[in-house]
Amino acid sequence: MDAILSGAGLVFNLQTLVVILAAAAFGMFVGAIPGLTATMAVALLVPVTYFMEPIPAIAAMVTTAAVTIFAGDIPGAYLRIPGTPSSAAYVDEAYAFSQRGKASECLGIALVCSVIGGIIGTLVLIFVAPYLAEFALNFSAFEYFWLALLGLSCAVFISPGSHLKAVLSLCIGLSLATVGLDSTTGSPRFTFGVTDLMGGVNFIPVMIGLFAIAEVMRFTSKPADELAVTVKDTGRVFGEVTPALRQHWKSVLRGSGTGSLIGVLPGAGSDIAAWVSYAVSRKFSPTPDRFGSGHAEGIVETSSSNNAAVSGSWVPALVFGIPGDTITAVVIGVLYMKGMNPGPAIFMEGGSMVYALFMVFIIANLVMLPVGYIAIRMGKGFVATPTRIVMPIVLAFCIVGAYSINNSTVDVMLMLMAGVAAYGLGRAGFPAAPIILGLVLGGLLEKSFMSAMIRSDGDLLAFFSRPISASLGALVILIWLLPLLIRVVRRVAA
């Protein structure tokens, strides 16, 4: 009890609470700008945290990460441009919801579900961390191969329109993932002598181009009398939260659970959690045909999963010192800098510091409600601002965001080329989302496949030799065969 009270004293003081509020405002601003990710926001805070005490420093990191993930929904709802990669999974759903004049209600549902998911993810961190981390440590290259393949399969099945076009878009993303140094031999591939491509194609500039630049081009290609932001927001922020939670409470719990589990897997993060949860929501929904038209169920489950994965990713980071995603990879360095060495010892020797850390997670998610409410109200400015003003600002932020990642003009060129390509593909009916997911997961897919093949001496049956690997493999194959099985069952029933 003394340790809990001492931990509360470290959190409930003026300095820590002011830091949490300031970090929430900063995270909301960064997340609402397309291309400025949660990882970038946390990385920008590292020099600032050097002058802080350990708990305020970690509080700033945790709050910024949690709030930025939600804030990425704001430009998605108003402009169909995801602010962060994890928002890309359901950006079309949110935009379609907003098209009915309910942008505030859409963001209100996402806000409350993000808070719920974040708190559930924190409870998982507090009570189940050692067991889940131990399970994740059992993953080898075989399991990571199937996990990556599962994410790619979900990208195809949740894409609207033709699945064949979704597969072709996915192949474009996987092709881009081959650019750079070969993960096995170290030889350069498709770099064409450009030094900046030796490390591969950065997915952030490509994501900005696919979603933001292409959207700007779609707006500017319309006749002058059609140039207007089409979202008309006449609703209340929390107007549909209660009906949505009452009708889809199972989706909230399922999304939070899925996000927590995926967040525990090192390297997975909220991006994969969002895609998987949206696919799961659509598969288990009694009305899957409503997805893509602004259905609240997809927003509820995916928003819960996003922030649950952020909390879940801290499980391997704190218990074993293994980063669960890129955000915790940055934070682990800060933990070492502050003398809080991650690993089993932090639970045995940390005492009040550990309890303070848990309290920070809960407060960081709760503070999203008032800060998020203010941000949603301010977000209505997107509706009132003429397109001729909004789009140049969006374009300027996109260029700044793409350049600031590596201070490279190559990233800006990649962004512009991706935008032009996405605009052309969109007119032909090809979805853009599978491209970005193929680029994000392509490296993991190749690296895990090559590692597994070397480890098994080329034996493909080794991918089914471990219980977890065999289960994931069976699940992936079942997803592939599901449309065929459904067709056969319907034909037999007829």
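Per chain, residue numbering runs from 1 following the sequence as it is written. Residues qualify for local features only when their pLDDT is at least 70, as the model is predicted, and side-chain atom pairs are given and counted only at 80 or more; totals for whole chains, interfaces and linings, by contrast, use all residues. Side-chain calculation: all heavy atoms of the structure are included, whereas hydrogens and water are not.

**Q** Tell me what's going on with helix α2 (residues 14-31), and back it up with residues and numbers.
**A** Under the DSSP-based scheme used, a helix requires at least four consecutive residues in state H or I and a strand at least two consecutive residues in state E, with every element numbered from the N terminus. Under the convention used throughout, the expected extent of a helix is 1.5 Å for every residue step, that is, one less than its residue count. Taking 1.5 Å per residue as the helical rise, α2 with its 18 residues ought to reach 26 Å, and the 26 Å between its terminal C-alpha atoms agrees with that figure. Those residues of α2 that sit buried are Thr16, Val19, Ile20, Ala23, Ala24, Gly27, Met28, Val30 and Gly31. The buried residues of α2 occupy an angular sector of 165° when the element is viewed end-on, so they sit on one face. In α2, those exposed residues whose orientation departs by more than 90 degrees from the buried face are Leu14 and Phe29. Polar contact criterion, stated in full: a pair of N or O atoms within 3.5 Å, where within protein one must be able to donate a hydrogen and the other to accept it, and residues adjacent in sequence count only if both atoms are side-chain atoms. Two to three positions downstream of the cap, the backbone nitrogen of Gln15 sits 3.2 Å from a side-chain oxygen, assigning the N-cap of α2 to Asn13. Per-residue accessibility, obtained with a 1.4 Å probe over protein chains only, is compared with the maximum for each type, and a residue is labelled buried under 20%, exposed over 50%, and partly exposed between these values. This arc describes the spread of directions from the helix axis toward the C-beta atoms.

**Q** Give me the lowdown on the packing of helix α4 (residues 54-71) against helix α15 (residues 296-312), citing residues and values where you can.
**A** It is the contact of α4 with α15, at a shortest axis distance of 10 Å, that shows an interaxial angle of 160°. In terms of orientation, α4 lies roughly antiparallel with respect to α15. Read as a crossing pair, α4 and α15 show a hand that is right-handed. From α4, Ala65, Ala66, Ile69 and Phe70 reach across to α15, where they touch Asn306, Asn307 and Val310. A breakdown of the residues in the contact of α4 with α15 according to their chemical character gives five nonpolar, two polar and no charged. Interaxial angles span 0 to 180 degrees and are taken between N-to-C directions of axes, which are lines fitted to C-alpha atoms, for helices over the stretch in contact. Each angle receives one of four descriptions, namely roughly parallel if under 35 degrees, roughly antiparallel if over 145, roughly perpendicular if within 65 to 115, and oblique otherwise. Here is the rule for handedness: rotate from the far helix to the near one, and if that takes an anticlockwise turn smaller than a right angle the crossing is left-handed, while a clockwise turn gives right-handed. In what follows, a contact means two residues having at least one pair of non-hydrogen atoms within 4.5 Å. Gly is placed with the polar residues, together with every amino acid not listed as nonpolar (Ala, Val, Leu, Ile, Met, Phe, Trp, Tyr, Cys and Pro) or charged (Asp, Glu, Lys and Arg).

**Q** Could you give an account of the packing of aromatic side chains, naming the residues involved and the relevant values?
**A** Pairing of aromatic rings covers Phe, Tyr and Trp, the last through its six-membered ring, and needs centres within 6.5 Å; plane angles under 30 degrees mean stacked, over 60 mean edge-to-face, and all others mean tilted. As enumerated under the stated definition, the model contains eight aromatic pairs in all. Ring centres of Trp146 and Phe464 lie 5.3 Å apart, and the angle between their planes is 55°; this geometry places the pair in the tilted category. Separated by 318 residues along the polypeptide, Trp146 in helix α9 (residues 141-157) and Phe464 in the loop between α24 (433-455) and α25 (467-493) bring together distant segments of the chain. The exposure class of Trp146 is buried, given its relative accessible area of 6%. Under the relative-accessibility criterion, Phe464 is labelled partly exposed at 39%. Through successive ring pairs, a cluster of aromatic residues spans Phe142, Phe145, Trp146, Phe449, Phe463 and Phe464.

**Q** Tell me about the nonpolar core, residues and numbers included.
**A** A general feature of soluble globular proteins is that nonpolar side chains tend to end up buried together. Throughout this description, the term nonpolar core refers to a set of buried Ala, Val, Leu, Ile, Met, Phe, Trp, Tyr and Cys residues connected via side-chain atoms within 4.5 Å. Ranked by internal contacts, the top residues of the largest apolar core, which has 133 residues, are Ile109 and Leu210. At 12 residues, α9 tops the list of elements feeding residues into this core. Apart from residues lying up to four places away in sequence, Leu210 is in contact with Ala418, Gly419, Ala422, Ala432, Ile435 and Ile436. Judged by nonpolar contacts, the second largest core, of six residues, contains Ala23, Met52, Ala57 and Ala60.

**Q** Break down helix α7 (residues 103-127) for me, citing the residues and quoting the values.
**A** Here α7 spans 36 Å end to end across 25 residues, near enough to the 36 Å set by a 1.5 Å rise per residue. Summarising burial for α7: 19 of the 25 residues are buried, a large majority.

**Q** Break down the side chain of Thr16 for me, with residues and values.
**A** Among the secondary structure elements, Thr16 is positioned in helix α2. Owing to a relative accessible area of 1%, Thr16 belongs among the buried residues under this scheme. Dropping the residues within four chain positions of it, Thr16 is found in contact with Leu10, Val11, Ile55, Pro56 and Ala59.

**Q** Account for the pattern of salt bridges, with residues named and values stated.
**A** Note on definitions: salt bridges are taken to be side-chain nitrogens of Lys or Arg within 4 Å of carboxyl oxygens of Asp or Glu. As enumerated under the stated definition, the model contains four salt bridges in all. Of the charged contacts, one joins Glu143 and Arg466 as a salt bridge, the two residues approaching to 2.8 Å between their closest N and O atoms. Within this pair, whereas Glu143 is found in helix α9, its partner Arg466 is found in the loop between α24 and α25, the two being separated by 323 residues in sequence. Residue classification places Glu143 among the buried residues on the basis of a relative accessible area of 0%. Among the residues examined, Arg466 registers a relative accessible area of 24% and is labelled partly exposed. Of the charged contacts in the structure, one is a salt bridge between Arg189 and Glu446, with a shortest N-O distance of 2.7 Å.

**Q** Break down the packing of α2 against α4 for me, with residues and values.
**A** Contact geometry for α2 and α4: axes closest at 7 Å, N-to-C directions at 30°. Overall, the two elements α2 and α4 adopt an arrangement that is roughly parallel. Considering only the axes of α2 and α4, their crossing is right-handed. Note on element contacts: α4 touches α2 through Ile55, Pro56, Ala59, Ala60, Thr63, Thr64, Val67, Thr68, Phe70 and Ala71, opposite Gln15, Thr16, Val19, Ile20, Ala23, Ala24, Phe26, Gly27, Met28 and Gly31. Split by residue class, the contact of α2 with α4 holds 13 nonpolar, seven polar and no charged.

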